[in-house]
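# Per-entry structural report
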Amino acid sequence: MTDAVLKYGDQELPLEVLDVTDGDRGLDISPLRSSLGLVTMDRGFGNTAESRSDVSYIDGEQGILRYRGYPIEQLAEQASFLEVAYLLQYGELPTASELDAYAQRITYHTMLREDMKNMFEAFPHRAHPMSILASATSALATYYPDALDPLDPESVDISARRLIAKTPTMIAWSYKYAVHQPYVYPDNDLDYSANFLKMMFSVPAEVYEPDPVVVKALNMLLILHADHGQNCSASAVRLVGSGHANIFSSIAAGIAALSGPLHGGANQAVLEMLSAIYESGDDIDTVIKRAKDKEDPFRLMGFGHRVYKNFDPRARIIKTAAEEVLEALGVDDPLLDLAMQLEEIALEDEYFVDRKLYPNVDFYSGIIYRAMGFPTDMFTVLFALGRLPGWIAQWRELAADPGARIFRPRQLYTGPAVRDMTPIDNR
Ligand code: SDX
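Residues numbered from 1 in each chain as written. Predicted model: local features only at pLDDT ≥ 70, side-chain atom pairs only at ≥ 80, totals over all residues. Heavy atoms only, no water.

### A closer look at the overall build of the protein chain
Scanning the protein chain from N- to C-terminus turns up 18 helices and six strands. The C-alpha atoms of the protein chain give a radius of gyration of 23 Å, which matches the 22 Å a tight globule of 427 residues would have. Along the first, second and third principal axes, the C-alpha set of the protein chain runs to 80 × 65 × 55 Å. Counting over 427 residues, the protein chain shows a buried share of 50%. A fraction of 70% describes how many contacts in the protein chain between residues 6 or more apart in sequence connect residues 24 or more apart. (Helix = DSSP H or I, 4+ residues; strand = E, 2+ residues; numbered from the N terminus. Rg over C-alpha atoms; globule rule 2.2 N^0.38 Å. Buried < 20%, exposed > 50% of the residue type's maximum accessible area, 1.4 Å probe, protein only. Contact = heavy atoms within 4.5 Å.)

Okay, structure coming up:
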């Protein structure tokens, strides 16, 4: 179907508009360069789709997020994280027996090779956990070279399960090394979130029972972070995978991309921002003024989003959970009150209203993580743990796409015109 005609000088190029289930339809510009000798320019790919995807749907204007058609609100409330990991990768919610079988296969792969301890111990004690996680994830390809073929579905299934099974252990072990405590091995009698908490916070000297409030909250937080379409880190995973790099290398690229403070690193930056505001005693109007001042590099971290021009539905859920979890844990964190005051004032300020800047997923999540006992520099690692099944689903979708091509964007060259070298003695 030809729905659009591009006029350029005396030329006309009919272009097809591609249909979708929901959201933006796409103008197929594949004949553009060969027909008109033009390429497109679209900073940050704000108007550009590289592929069709069935995984997640986001309506930024309405504040809607669905995984494989299911509203995030229902999944956060009713599902388990492994149930969502299955849904994202296989496209359908599992039956009870399918989920049991999947959970079993994950549970029995949670242990790491003992010599991976040498890798964690090679890092400085204060190394950032995201740098360790990206390195350890890439290193999994060296420990498990038997299933790296991206075009073999069985290998992909095995490696995907290893990633989901072993990442909590890698995170917990890197933490234990950082705090000079003994490694805690996985406990196959516990579910995914409870097992992770035990590996993180138990010590041999005491009996450890995961707090059900914390287990439930962590399960929900992991689900809320599980996928988000073609965000920066998912695009990094797809780009690396488009060259047929193995899944461990591709996910390591996603972890690296997520670490940036404009992306997943924002949850750590929010807590550091709130703590700095609280300790400085600055009034909120001063903070808001700084966030609006173009001469000041300060931004209100946890606010704004490329896609959401309404409330991030995840932020709404996390804000409610933050109040409930802190109350249940008997934690009175002044930073939660400060965050709520900041939100209230910002949402009435025309600078934020005009630019449709609302709290995003990172604005409140760190407050819950802190109440759970996680150190601030681990918040983004928790985002990565949640996003893992989404990254894997995006990577698998591209690997299975018969129309997939290696990512190789064009450029607009604005450098020097051709010129001859001057011999070095004459420069
Ligand atoms: C995530 O893409 C995803 O889906 C990401 C994510 C996921 O689940 O994968 O949702 C996770 O990364 C959430 C975002 C976390 N980052 C932050 O909270 C950092 C603070 N936010 C911003 O840096 C910014 O809002 C971004 C990076 C999130 C979005 O950047 P855009 O889309 O490129 O928007 P922009 O920088 O062009 O901003 C538009 C305007 C600008 O002002 P003007 O030039 O129009 O005058 O809004 C301003 C910006 O200066 N602005 C802010 C602001 N965010 C945008 N001003 C003050 N404080 C902010 N936080």
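### Section: the packing of aromatic side chains
In the structure shown here, the tally under the stated rule is 16 aromatic pairs. Centre to centre, the rings of Tyr 86 and Tyr 90 are 4.8 Å apart; their planes meet at 50°, and the pair counts as tilted. Of this pair, Tyr 86 and Tyr 90 both sit in helix H3 (residues 81–90), four residues apart, which is roughly one turn of the helix. Overall, the relative accessible area of 13% leaves Tyr 86 in the buried class. Between Phe 196 and Phe 374, the aromatic rings sit 6.0 Å apart at their centres with planes inclined by 15°, giving stacked as the arrangement. Placement of Phe 196 in helix H8 (residues 192–201) and of Phe 374 in the loop between helix H17 (362–372) and helix H18 (379–399) is noted, with a sequence separation of 178 residues between them. Taking relative accessible area as the criterion, Phe 196 reaches 1% and is therefore assigned buried. We classify Phe 374 as buried; its relative accessible area is 3%. (Phe/Tyr/Trp six-rings, centres within 6.5 Å; stacked < 30°, edge-to-face > 60°.)

### Digging into the pattern of salt bridges
On inspection of all chains with the given rule, the structure shows 14 salt bridges. A salt bridge links Lys 7 to Glu 12; the nearest nitrogen and oxygen atoms lie 2.5 Å apart. Judged on exposure class, the residue Lys 7 and its partner Glu 12 are both exposed. Between Arg 238 and Glu 397 there is a salt bridge, with the nearest N and O atoms lying 2.6 Å from each other. With Arg 238 in helix H10 (residues 232–242) and Glu 397 in helix H18, this pair connects stretches of sequence that are 159 residues apart. (Salt bridge = Lys/Arg side-chain N within 4 Å of Asp/Glu carboxyl O.)

### Regarding the site of the ligand
Looking at the ligand, there are 24 residues lining it, with His 228, Arg 299, His 305, Arg 306 and Arg 314 nearest. The contact in question runs from an oxygen atom of the ligand to an N or O atom on the side chain of Arg 314, over 2.6 Å. At 3.1 Å, a side-chain N or O of Arg 355 approaches an oxygen atom of the ligand. Summarising the interface, the protein chains cover 78% of the accessible area of the ligand, which totals 1100 Å² for the free molecule. Partitioning the shell around the ligand into residue classes produces ten nonpolar, seven polar and seven charged. (Near = heavy atom within 4 Å. Polar contact = N/O pair within 3.5 Å; in protein donor to acceptor, adjacent residues only side chain to side chain. Areas by Shrake-Rupley, 256 points an atom, 1.4 Å probe, with all protein chains shown as cover. Nonpolar A, V, L, I, M, F, W, Y, C, P; charged D, E, K, R; others polar.)

### A look at the environment of Val 237
Topologically, Val 237 is positioned in helix H10. Under the relative-accessibility criterion, Val 237 is labelled buried at 0%.

### Re helix H14 (residues 313–329)
Counted at 1.5 Å a residue, the expected span for H14 with its 17 residues is 24 Å, and the 24 Å between its end C-alpha atoms agrees. Of the residues making up H14, those classed as buried are Pro 313, Arg 314, Ala 315, Ile 317, Ile 318, Ala 321, Ala 322, Val 325 and Leu 326. In this structure, the buried side of H14 is in contact with strand E5 (64–67), helix H2 (72–78), helix H9 (212–224), helix H15 (334–346), H17 and H18. (Expected span 1.5 Å × (residues − 1).)

### Side note on the pairing of strand E4 (residues 56–59)
Judged by which residues are buried, E4 turns out to be covered on both faces: Ser 56 and Ile 58 on one side and Tyr 57 and Asp 59 on the other are all buried. Connecting the antiparallel pair E4 and E5 is a turn made up of four residues, with Gly 63 showing a positive phi of about 70°. (Pairing = 2+ DSSP bridges.)

### Some details on a nonpolar patch on the surface
Judged by side-chain polarity, Val 39, Met 41 and Leu 412 come together as a nonpolar surface patch covering roughly 270 Å² of accessible area. Within the secondary structure, Leu 412 sits in the segment after H18. Look at Leu 412 and you get partly exposed, because its relative accessible area is 46%. (Patch = residues over 30% accessible without salt bridge, like charges linked within 9 Å, V, L, I, M, F, W, Y side chains within 5 Å.)

### Examining the side chain of Ser 174
Counting through the fold element by element, Ser 174 comes out in helix H7 (residues 153–178). Assessed through its relative accessible area of 10%, Ser 174 is described here as buried. Of note is the side chain of Ser 174, whose polar atom sits 2.8 Å from the backbone oxygen of Ile 171.

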